[in-house]
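Here's the letter readout for the chains.
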Amino acid sequence: MTAALALRALGRPATVVEAGAQERIRPGSRAIFIHSASLMLLEKIHPGLGFELNSYGLTWRTKRTFYRGREIYHRTYPPIPDGVMPRATSLPQIVTERLLYRTCVEAGVEFIWNTPIVSASVSNNRVTLAAATGGSLTAQYVIAADGSRSPVRETAGLRLEGPQTTNAFVIVDTKEDTEQPLPVERVFHYEHPAVDGRNVLFVPFSGHWRVDLQCHPADDPEKFSGVDGARTWLPEVMPEEYASRITWVSTYIFRQAVANNFSDDSRRILLCGEAAHVFAPFGARGLNSGIPDAILAAGAIDCALKSASRSDALTAVDHFAASRRAAALRNRAASNTALRHLTSATITRRAVHRAAAAIAPVFSAAGRWMDSAPYGPVLGEPDADGMQY
Ligand SMILES: Cc1cc2nc3c(=O)[nH]c(=O)nc-3n(C[C@H](O)[C@H](O)[C@H](O)COP(=O)(O)OP(=O)(O)OC[C@H]3O[C@@H](n4cnc5c(N)ncnc54)[C@H](O)[C@@H]3O)c2cc1C
């Protein structure tokens with residue numbers, strides 16, 4: 001939908017072809033953490049959109065980190081003045097999708113629902129998409145944003161490359177108690193003593209809490225998953241009533257994969273979002289990098305359509321593919337660093353964590369490092385295309 005909006009902003013027609021039904025409700029909160037860089041990009045393609053999205057979200061200003069039950073880091077950011085975009089906003093992905101959908105309709109994007117695409121092929125400078133329903137569609141360019149299993153990517157001869165990790169994470173959403181809400185703080189626990197030393201992350205988002213439990217390598221994740229499984233451990237780490245307000249439980253083993261190319265040989269099919277890359281969510285780099293993918297893909301298509309020669313058109317798409325693949329590799333490296341920090345159970349790494357936690361009260365850099373490491377390296381400068389993710 002971001003790509004479609006970006007195309008409309010450039011005055012191009014855009015059609016979204018979706019396998020699901022218009023009235024479907026996708027489960028779970030998924031991408032709750034939207035960075036300001038993404039809000040500003042949405043603002044650019046549709047003035048007002050970034051600020052409106054932010055108005056549905058919640059911005060936490062305090063973060064705390066604990067090691068074996070003892071606080072080792074605490075920081076509160078100053079309040080955000082009215083009219084200023086915060087560092088990030090937190091809301092369920094379904095709210096983001098609903099707002100994007102409404103904006104797309106207003107901007108004149110066409111939607112075709114209940115149409116799973118099974119293959120893409122290119123001939124005579126046109127892409128043909130074959131649908132499972134029997135029909136087909138053609139276009140000069142196709143942006144494949146059909147998720148990690150992307151049939152468009154696979155039939156265009158492209159593939160995701162990268163390892164599956166082994167550690168399991170159980171992710172629970174539970175509704176906030178509106179009468180007696182908990183403090184709006186992001187809290188990370190290394191080796192939480194109430195759950196046999198498993199790591200636990202709490203992130204507030206509008207009206208809810210996301211609680212991530214990192215299973216031990218020898219755990220059977222099923223034991224901790226499902227609503228019944230989550231009810232065995234959630235009351236150990238949160239007030240008891242949150243166990244009766246669970247809205248979603250899911251278990252993940254994350255893959256860290258990037259497509260071998262972000263466009264096909266004909267440069268008529270461009271990959272975006274999870275069709276192009278999948279990362280572990282630490283550092284929130286999935287949707288936040290899907291947005292720049294989509295905007296640059298739309299820009300490349302616009303440029304290709306305006307090109308005086310075929311070779312200029314190819315160059316525009318090649319630039320998109322190289323730039324976004326490089327960004328995806330950077331994002332994967334960053335989430336790898338976070339994942340290694342969280343999951344490597346080597347004696348040395350655990351000793352480093354123990355030592356950093358011990359000196360954190362007198363050496364604040366150690367506490368700061370323990371606080372930030374689970375999310376990967378801090379953002380660098382934007383790349384040559386002005387993108388941070
Ligand atoms: C637990 C969790 C937490 C996360 N947290 C964050 C976060 O805080 N911040 C962040 O930036 N990212 C986060 N992410 C990642 C984020 O959710 C994804 O990056 C994002 O959903 C990818 O969007 P997408 O549009 O590429 O793919 P999807 O959201 O998978 O959408 C693909 C769409 O294509 C449709 N489709 C699939 N196949 C076909 C077909 N054959 N034909 C037609 N349509 C098809 C699907 O129905 C769907 O609508 C998180 C993910 C998870 C699982």
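Predicted model, so just to flag it, every value in this text is computed and none were measured.

## Brief notes about the overall build of the chain
Within the chain one finds 10 helices and 19 strands. For 389 residues, the compact-globule estimate of 2.2 N^0.38 gives 21 Å, and the chain sits close to it at 22 Å. Projected onto the principal axes, the alpha-carbon positions of the chain cover approximately 65 × 45 × 45 Å. Counting the 389 residues in the chain, one finds 50% classified as buried. Intrachain contacts of the chain at a sequence separation of at least 6 include 71% that bridge at least 24 residues. A total of about 17800 Å² of accessible surface is found on the chain, and carbon and sulfur atoms cover 54% of it. Charge-centre separation for the chain: the mean point of 41 positive side chains lies 5 Å from the mean point of 38 negative side chains.

## Quick word on the packing of helix α2 (residues 36-45) against helix α7 (residues 286-306)
Direction vectors running N to C along α2 and α7 enclose 30 degrees, while the axes themselves pass 9 Å from each other. Considered as vectors, α2 and α7 are oriented roughly parallel to each other. Judged by the sense of rotation from one axis to the other, the crossing of α2 with α7 is left-handed. Taking contact as the criterion, the partners of Ser38, Leu41, Leu42 and Ile45 in α2 are, on α7, Asn288, Ile291, Pro292 and Ile295. Classifying every residue of the contact of α2 with α7 gives 6 nonpolar, 2 polar and no charged.

## A word on the side chain of Asp371
Positionally, Asp371 belongs in helix α10 (residues 364-372). Within the structure, Asp371 has its side chain in polar contact with the side chain of Thr65 (distance 2.6 Å). A distance of 3.2 Å separates polar atoms of two side chains, one belonging to Asp371 and the other to Arg186. Contacts of Asp371, omitting those with residues within four sequence positions, involve Lys63, Arg64, Thr65, Tyr73 and Arg186.

## Examining the packing of helix α1 (residues 2-9) against helix α4 (residues 93-107)
Where α1 meets α4, the closest approach of the two axes is 10 Å, and the angle between their N-to-C directions is 30 degrees. Comparing the axis directions of α1 and α4 gives the class roughly parallel. Read as a crossing pair, α1 and α4 show a hand that is left-handed. Each of Thr2, Ala4, Leu5 and Arg8 in α1 lies in contact with α4, whose residues at this interface are Leu100, Thr103, Cys104 and Ala107.

## Let's talk about the environment of Asn331
Structurally, Asn331 can be placed in helix α8 (residues 310-343). For the pair Asn331 and Arg159, spaced 172 residues apart in the sequence, the C-alpha separation amounts to 18 Å.

## Some remarks on empty space enclosed by the protein
Scanning the entire structure with this criterion turns up 2 cavities of 30 Å³ or more. If you go around the largest cavity, the residues you meet are Phe169, Phe188, Asn199, Val200, Leu201, Asp212, Leu213, Gln214, Phe282 and Leu342. Going through the elements one at a time, β14 (198-205) and β15 (208-214) are the ones with two or more residues in the lining of the largest cavity. Residue composition of the lining of the largest cavity, grouped by class: 7 nonpolar, 2 polar and 1 charged. Reported here for the second largest cavity is a volume of approximately 30 Å³. Together, Phe33, Leu58, Thr59, Trp60, Arg87, Ala88 and Ser90 line the second largest cavity. Partitioned by chemical class, the residues of the lining of the second largest cavity number 4 nonpolar, 2 polar and 1 charged.

## Describing the packing of aromatic side chains
In the structure shown here, the tally under the stated rule is 11 aromatic pairs. Measuring from ring centre to ring centre gives 5.6 Å for Tyr101 and Trp113, while their planes differ by 70 degrees; the resulting arrangement is edge-to-face. Taken together, the residues span a long stretch of sequence, with Tyr101 in helix α4 and Trp113 in the loop between β6 (110-112) and β7 (117-123) at a distance of 12 residues. Put simply, the rings of Phe169, Trp248, Tyr252, Phe254 and Phe282 touch in pairs and so form one group of aromatic residues. Across the ring face of Trp60, the terminal group of Arg87 is positioned such that the distance to the ring centre comes to 5.2 Å. The ring of Tyr141 has Arg268 sitting right over it, with the charged end atom 4.6 Å from the ring centre.

## Things to note about the site of the ligand
Around the ligand sit 27 residues, and of these Glu18, Arg24, Gln93, Glu274 and Leu287 come closest. Taking Arg30, its main chain carries an N or O atom lying 3.3 Å from a nitrogen atom of the ligand. Ile117 is positioned such that a nitrogen or oxygen atom in its backbone is 2.9 Å from a nitrogen atom of the ligand. By residue number, the principal contributor to the shell around the ligand is α7, which donates 3 residues. Looking at the shell around the ligand residue by residue, the classes come out as 14 nonpolar, 6 polar and 7 charged. When we break the shell around the ligand down by domain, the ones giving at least three residues each are domain 1 (2-59 + 77-163 + 256-342) and domain 2 (165-254).

## Regarding helix α3 (residues 49-56)
Every buried residue of α3 is listed here: Leu49, Gly50, Leu53 and Asn54. For α3, the buried positions fall inside an angular range of 135 degrees around the axis, keeping them on one side. In this structure, the buried residues of α3 make contact with α1, α2, β5 (88-90) and α4.

Calculation rules
- Residues numbered from 1 in each chain as written.
- Predicted model: local features only at pLDDT ≥ 70, side-chain atom pairs only at ≥ 80, totals over all residues.
- Heavy atoms only, no water.
- Helix = DSSP H or I, 4+ residues; strand = E, 2+ residues; numbered from the N terminus.
- Rg over C-alpha atoms; globule rule 2.2 N^0.38 Å.
- Buried < 20%, exposed > 50% of the residue type's maximum accessible area, 1.4 Å probe, protein only.
- Contact = heavy atoms within 4.5 Å.
- Areas by Shrake-Rupley, 256 points an atom, 1.4 Å probe, with all protein chains shown as cover.
- Lys, Arg positive; Asp, Glu negative; His and termini not counted.
- Charge placed at Lys NZ, Arg CZ, Asp CG, Glu CD.
- Axes fitted to C-alpha atoms, helices over the stretch in contact; angles between N-to-C directions.
- Parallel < 35°, antiparallel > 145°, perpendicular 65-115°, else oblique.
- Left-handed = near helix turned anticlockwise from the far one by under 90°.
- Nonpolar A, V, L, I, M, F, W, Y, C, P; charged D, E, K, R; others polar.
- Polar contact = N/O pair within 3.5 Å; in protein donor to acceptor, adjacent residues only side chain to side chain.
- 1 Å grid on protein atoms, 1.4 Å probe; cavity = no way out; pocket = protein on both sides within 12 Å on 5 of 7 lines; lining within 4 Å.
- Points joined across faces, edges and corners; volume = space filled by probe spheres on them.
- Phe/Tyr/Trp six-rings, centres within 6.5 Å; stacked < 30°, edge-to-face > 60°.
- Lys NZ or Arg CZ within 6 Å of the ring centre and 35° of its normal.
- Near = heavy atom within 4 Å.
- Domains from an automatic or database assignment.
- Arc of directions from axis to C-beta.

Note that all results are geometric; they support no functional claim without further evidence.
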